[in-house]
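# Commentary on secondary and tertiary structure
One letter stands for each residue in the lines below.
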Amino acid sequence: MDRPLEFEHIEDWAKVKKHEFGNMIVLCANCHGRKGNGPGQIDRKSLRQYKANLALLNSRYGELERRLFEAFAENPNMGAVKLVGHWEIPFMYVLKDGLFVQLDARQLGGPQIYIEGMPVTQVYAITEKGREFVARWAEARPLD
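Residues numbered from 1 in each chain as written. Predicted model: local features only at pLDDT ≥ 70, side-chain atom pairs only at ≥ 80, totals over all residues. Heavy atoms only, no water.

### Notes on helix H4 (residues 63–74)
Given 3.6 residues per helical turn, the α-helix brings residues three or four places apart onto the same face. Rules: Secondary structure follows DSSP: runs of H or I at least 4 residues long count as helices, runs of E at least 2 residues long count as strands, and numbering of each begins at the N terminus. Helix span, as expected, comes to 1.5 Å for every residue beyond the first. Should any heavy atoms of two residues lie within 4.5 Å, those residues are counted as being in contact.
Between its first and last C-alpha, H4 extends 16 Å over 12 residues, near the 16 Å set by a 1.5 Å rise per residue. Structurally, H4 contributes buried residues whose contacts are with helix H3 (44–60), strand E3 (80–84), helix H5 (92–96), strand E4 (100–103), strand E7 (121–126) and helix H6 (128–138).

In structure tokens form, the structure reads like this:
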């Protein structure tokens, strides 16, 4: 069953009586129900950090890069991904920021296939800096 997204005030409406961008966040119904200060709940400080992290992620990184972060957050033991095609431009900022590096498939012991001088597949490995970034993101800690 799909659960709707809900607008939420970080500081409660009853306290601020305003709808201001800086105080609003969109949450899934599950997270909306977990807002609070008790055990297992998401407190206001964490909501502010989620919002700040999302602002950075959405302004700096594209959808494909964010999916890479998700994949490595869900599978922390994964070391690299092998993709068909050319991804230097879509992955430009994660490469530029040193979160991932591009490898030659031969570095992993496999063959590298070329068509008209271009590799058919490309391999991207997460760096230690990338692992730290993904861990901070997954734990809602501040991102650099």
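### Details of the nonpolar core
Put simply, the rule is: Throughout, nonpolar core names a set of buried Ala, Val, Leu, Ile, Met, Phe, Trp, Tyr and Cys residues whose side chains join them through atoms within 4.5 Å. The rule is simple: take the accessible area with a 1.4 Å probe, protein chains only, and divide by the maximum for that residue type; under 20% is buried, over 50% is exposed, in between is partly exposed.
Counting residues in hydrophobic clusters, the biggest one holds 15 residues, and the most contacted among them are Tyr61, Phe69, Phe72, Val94, Leu99, Phe100 and Phe133. Taken together, the elements giving at least two residues each to this core come down to H4, E7 and H6. In terms of residues, this core owes the most to one element, H4, which gives three residues. Of all hydrophobic cores here, the second largest spans five residues; its members include Ile10, Ile25, Leu27 and Ile42.

### Focus on the layout of surface pockets
The line we're drawing: In this analysis a 1.4 Å probe is tested at points of a 1 Å grid over the protein atoms alone, and where it fits but cannot get out there is a cavity; an open set with protein on both sides within 12 Å along at least five of seven lines is a pocket; lining residues have an atom within 4 Å of a point. Grid points are joined across faces, edges and corners, and a volume is the space filled by probe spheres set on the points. The classification used treats Ala, Val, Leu, Ile, Met, Phe, Trp, Tyr, Cys and Pro as nonpolar, Asp, Glu, Lys and Arg as charged, and all other residues, Gly among them, as polar.
The volume enclosed by the largest pocket comes to roughly 470 Å³. In this structure, the largest pocket is lined by 19 residues; those nearest its centre are Tyr50, Leu54, Leu57, Glu70 and Trp137. Per-element tally for the lining of the largest pocket: the top contributor is H3, with six residues. Looking at the lining of the largest pocket, its residues break down into 13 nonpolar, two polar and four charged. In this structure, the second largest pocket occupies an estimated 180 Å³ of space.

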